[in-house]
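# Topology and contacts: notes
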Amino acid sequence: MAYKRTSDTSRVKKGAELEVEHLAEVTDVTPKQARTLLRKHGADWQRLKDEAEELKKDE
């Protein structure tokens, strides 16, 4: 018997929100800025950190 895989979108959202919180905490940017960076760069953490540093310099 084959099982159909279903995607649980709530799990994805929880994971994404954890990434937002983590990025905001580690780089000291706002959650809104962290969300924007994650949408733009995905899981490229080195690039995310570099971009977050640039945001902090601009403030």
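Residues numbered from 1 in each chain as written. Predicted model: local features only at pLDDT ≥ 70, side-chain atom pairs only at ≥ 80, totals over all residues. Heavy atoms only, no water.

### Comments concerning the overall build of the chain
Along the backbone of the chain there are three helices and zero strands. Each helix and strand of the chain, ordered N terminal to C terminal, gives the series α-α-α. Once local pairs closer than 6 in sequence are excluded, the contacts in the chain between residues at least 24 apart make up 19%. (Helix = DSSP H or I, 4+ residues; strand = E, 2+ residues; numbered from the N terminus. Contact = heavy atoms within 4.5 Å.)

### Some thoughts on the side chain of T27
Along the chain, the position of T27 falls in helix 1 (residues 9-27). Overall, the relative accessible area of 14% leaves T27 in the buried class. In this structure T27 touches K49, A52 and K56, once residues within four positions along its chain are discounted. (Buried < 20%, exposed > 50% of the residue type's maximum accessible area, 1.4 Å probe, protein only.)

### With respect to the packing of helix 2 (residues 31-41) against helix 3 (residues 45-58)
Packing of helix 2 against helix 3 leaves a shortest axis separation of 10 Å and a crossing angle of 135 degrees. Accordingly, the angle class assigned to the pair helix 2 and helix 3 is oblique. For helix 2 against helix 3, the interelement crossing comes out right-handed. Here Q33, L37, L38, K40 and H41 of helix 2 lie close against helix 3, whose contacting residues are R47, L48, E51, A52 and L55. Classifying every residue of the contact of helix 2 with helix 3 gives five nonpolar, two polar and three charged. (Axes fitted to C-alpha atoms, helices over the stretch in contact; angles between N-to-C directions. Parallel < 35°, antiparallel > 145°, perpendicular 65-115°, else oblique. Left-handed = near helix turned anticlockwise from the far one by under 90°. Nonpolar A, V, L, I, M, F, W, Y, C, P; charged D, E, K, R; others polar.)

### Re helix 2
Within the sequence span of helix 2, burial applies to Q33, A34, L37, L38 and H41. Looking down the long axis of helix 2, one finds its buried residues gathered within 135 degrees of arc, a one-sided arrangement. Facing away from the buried side of helix 2 by over 90 degrees, the exposed positions are K32, R39 and K40. Just beyond helix 2, the residue with positive phi is G42, at close to 65 degrees. (Arc of directions from axis to C-beta.)

### As for the pattern of salt bridges
Between side chains of opposite charge, a pair can form as their charged atoms come close. Taken as a whole and judged by the stated rule, the model has three salt bridges. The residue D28 makes a salt bridge to K56 at a minimum N-O spacing of 3.9 Å. One end of the pair, D28, is in the loop between helix 1 and helix 2; the other, K56, is in helix 3, with 28 residues separating them in the sequence. Of the residues examined, K56 reaches a relative accessible area of 30% and is grouped as partly exposed. Of the charged contacts in the structure, one is a salt bridge between E54 and K57, with a shortest N-O distance of 3.6 Å. In this pair, E54 and K57 both sit in helix 3, three residues apart, roughly one turn of the helix. (Salt bridge = Lys/Arg side-chain N within 4 Å of Asp/Glu carboxyl O.)

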